[in-house]
Structure formats: structure tokens, C-alpha cells
Amino acid sequence: MRVLIVKLSSLGDVIHALPVVQDIRARFAGVAIDWVVEPAFAPLLRRVDGIAEVIELPLRRWRKAWWTAAVRAEFRRFRQRLRREPYDLVLDLQGLTKSALVARLARGRSAGLANRTEGSSFEAPARWLVDRAITVPTRVHALDRSRLLAAAALGYAVEGPVRFGLRAVQRPISEFVDSRPLMVFVHGTSRDDKLWPEAHWIALGRRLAQAGWRIALPQAGAVEQARAQRVATAIGSACSVWPPLGLDQLVDRMSAARGVIGVDSGLSHIAVALDLPHVQLYNVATAWRTGPQPAHGNQHQLSIEASSGQAAPSLESVWTAWQSVQPPFTR
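Values in this document were obtained by computation on a predicted structure and should not be read as measured data.

**So, the overall build of the protein chain**
When helices and strands are counted, the protein chain shows 15 helices and twelve strands. Here the C-alpha radius of gyration of the protein chain, 21 Å, is about what a compact globule of 331 residues would show, namely 20 Å. The principal-axis extent of the C-alpha atoms belonging to the protein chain is close to 60 × 45 × 40 Å. Looking at the 331 residues of the protein chain, the share that counts as buried comes to 55%. Relative to all contacts within the protein chain whose residues are 6 or more apart in sequence, the contacts with residues 24 or more apart total 60%. Only carbon and sulfur atoms are counted for the fraction: they give 52% of the accessible area of the protein chain, which is about 14400 Å². If the 42 positive side-chain charges of the protein chain are averaged to one point and the 28 negative ones to another, these points end up 4 Å apart.

This is the structure in C-alpha cells:
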């Protein structure tokens, strides 16, 4: 049996779709699962148990030079790969016109979303481009939406714990052998309205440093790098800034952490997939849609939302949340 998953982006959305791979593998012995994705997220998928081949589709790059012979040649090679062998099911987990068109290019019957869910992106043509459009609840967690869609398409019931299958490869670097437990602050996000105040990061970092933690700040791009450096300087010697890293390197480094506190972003969702003690911060009441939930088995992971009248979760609420999930050996 062969299944093709189409989920092109973004990082958080790709992570929320990962449990589909483990669900399908649990019900169909020997199944081969391929996945079409933007190249930026391919290194993450190559760390997931059960994915046979990651097929890269650089649509974002192609859009900038679609008229060139080089891009047209790349597209022909992509299409040839997509049609190289038949699939028993082509599963569009994204629900956009572009993802449904990719599903339609492949050899095999396709299934996808028939409706929009609250807070998600959905384009009506997607339901007409797949062979079978499946209706899912309109108010549903992003992780459950993918699981329910796959289950309906393949005829099984969603059951059992959520499993991401994400593997880390720990390397003998100094950050992995320091005797102090490592905390990762996920301070960066693609949207400014999801940021947590720098003053809160500094105050929280100082508390943790005093309690014996060392703190690491991932960063990508000039803005995040500058913020990370300001926060690290204010916290002191217990805090360091990571260099720019690929997704596979980030997975490895984060896997060595004993805790992650972060805003609603792809790296925070990696922390969930790695089953790390984690507090995820939301400035608005959308944690039900993308945050860690007890129903998914997230016993040592919490979502914290801003209280009424506040622009962001308070320092004290985040500290209290962390105290409730931190590993016992650090207390």
C-alpha cells in the first residue's frame, strides 16, 4: 500500500499533520508513505519515522521565476516524480488550491477537505479538485483535523495517543553535556502580535538562572538575532544565543533541553512533538486551535493565554505554569 500526503507548509501546520503518518502505520502494516512539502521543511520530515520519501516542491522560489526555462524544467522533473508510481490514496491535508492541484497531478484517487475550519486557511476550489471531499467539524484543533480527515479517507477510527514520530540525533557538543539543565526560550515568531515582551523574557531568564538553569535562545534573521542578543546580555552568563540553524539541527539541540517556554510558533510546536516539558504562550484565546492539549496526552505541556484586559500572558502566570510542568529533578 502506498499513500502520498500533500502538506506544503508552514512549519506549525506540518508538525500538526505528523501524527497522521503514525496513525496510518498503526493500521496498515508495510504501508509506504511519501510526503510533498516545501524544501524549507524537508529536513524535519526526514527525521520522522515512517516517511519513505520526502518530495520537495519549491513553489515559493518558482513563483519568482516561473517564466524561465530552468524552472519549467524543474517542474517537469517534479511532475515525473509525482507520477512515477500509483498511490492507493493521495491525501491533501492543506485544503488550498495549490495543494489540491498537486494532489491531482499524482497517480491515484485523492481526498481532501470539503469545508473551512475555524481559524484555518481553506479555498473552495480545493474541494472540487480532489476525488473525495470530506467534511470535518468546523471547530477543531489543527492536529485533530488532519487525523480525522485521514481516518475518514482510509476507513478507520481515530484512537490511541497522539504520536509524532520525530527523531532527534544527539551530538557530543558542549551544550549537551553541561551539568545544568537547559531551558530554550522560543521568543521568535513570524507575527509581531504573537510576541511576548522582552522585559518578561529577561525577568523569567533571571529567575531560571538563579534556580540553576542555563538558557538558550534560537534565532533566525537580523530582528530575532538582535532581540536574542539583548535578552541574553540582560540575563547574563547563564544565557547564550544559538547561531542560525537548520531545522534538523534545531531538533537535535532542542532535544537536549529539559524545558521549553515559547510563543505560538513552529519551534514551540517542535517542542510538543519532541515531548519536552513546555509552556506555550498565547496573546489571544486561540490555544484551543493549535496549542498542546490534555486530550492529546500533553501531561507536561501547557498553553497559557493572556487574561482579560492584558496584551500578553503575565510573567507570574507563565512562571506558575512552568512550576507545574517542570521535571521533578530540577525542583
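The structure having been displayed, the exposition proceeds.
**Side note on the environment of C239**
Among the secondary structure elements, C239 is positioned in strand β9 (residues 239–241). Here C239 is in contact with I215, L217 and A232, once residues within four sequence places are set aside.

**Quick notes on the environment of S324**
Position of S324 relative to the elements: it lies in helix α15 (residues 315–325). On a C-alpha basis, the gap between S324 and P277 in space is 9.8 Å, while along the polypeptide they are 47 residues apart. A polar side-chain atom of S324 sits 2.6 Å from the main-chain carbonyl oxygen of A321.

**Observations concerning the sheet that holds strand β6 (residues 132–134)**
The strands making up a sheet associate through hydrogen bonds between their backbones, and the pairing can be parallel or antiparallel. The sheet built from six strands is open, its strands ordered β3-β2-β1-β4-β5-β6 with parallel pairing. Of all the strands in the sheet, just β3 (51–56) and β6 have a single pairing partner and so form its edges. Geometrically, the sheet is characterised by an average inter-axis angle of 20° between neighbouring strands, direction not taken into account. With five bridges connecting them, strand β2 (residues 32–37) and β3 associate as parallel partners. What sits directly across from D34, in β3, is E53.

**Structural notes on the pattern of salt bridges**
For the structure on display, the rule yields 19 salt bridges. Close ionic contact of E118 with R139 constitutes a salt bridge, the shortest N to O distance being 3.2 Å. In this pair, E118 sits in the loop between β5 (110–113) and α7 (125–129) while R139 sits in the loop between β6 and α8 (142–154), placing the two residues 21 residues apart along the sequence.

**Structural notes on helix α2 (residues 19–27)**
Taken together, the buried positions of α2 are occupied by P19, V20, V21, Q22, D23 and I24. The inward-facing, buried residues of α2 abut β1 (2–6), α1 (11–17), β2, β3, β4 (89–92) and α8.

**Things to note about the packing of helix α10 (residues 198–210) against helix α11 (residues 222–235)**
Between α10 and α11, the shortest axis-to-axis distance is 9 Å and the interhelical angle comes to 40°. Accordingly, the angle class assigned to the pair α10 and α11 is oblique. Crossing hand, α10 versus α11: right-handed. Contact with α10, carried on its side by E198, W201, I202, G205 and R206, involves R227, R230, V231, A234 and I235 of α11 and no other residues of that element. Here the residues of the contact of α10 with α11 sort into five nonpolar, one polar and four charged.

Cut-offs and rules
Residues numbered from 1 in each chain as written. Predicted model: local features only at pLDDT ≥ 70, side-chain atom pairs only at ≥ 80, totals over all residues. Heavy atoms only, no water. Helix = DSSP H or I, 4+ residues; strand = E, 2+ residues; numbered from the N terminus. Rg over C-alpha atoms; globule rule 2.2 N^0.38 Å. Buried < 20%, exposed > 50% of the residue type's maximum accessible area, 1.4 Å probe, protein only. Contact = heavy atoms within 4.5 Å. Areas by Shrake-Rupley, 256 points an atom, 1.4 Å probe, with all protein chains shown as cover. Lys, Arg positive; Asp, Glu negative; His and termini not counted. Charge placed at Lys NZ, Arg CZ, Asp CG, Glu CD. Polar contact = N/O pair within 3.5 Å; in protein donor to acceptor, adjacent residues only side chain to side chain. Pairing = 2+ DSSP bridges. Axes fitted to C-alpha atoms, helices over the stretch in contact; angles between N-to-C directions. Salt bridge = Lys/Arg side-chain N within 4 Å of Asp/Glu carboxyl O. Parallel < 35°, antiparallel > 145°, perpendicular 65-115°, else oblique. Left-handed = near helix turned anticlockwise from the far one by under 90°. Nonpolar A, V, L, I, M, F, W, Y, C, P; charged D, E, K, R; others polar.

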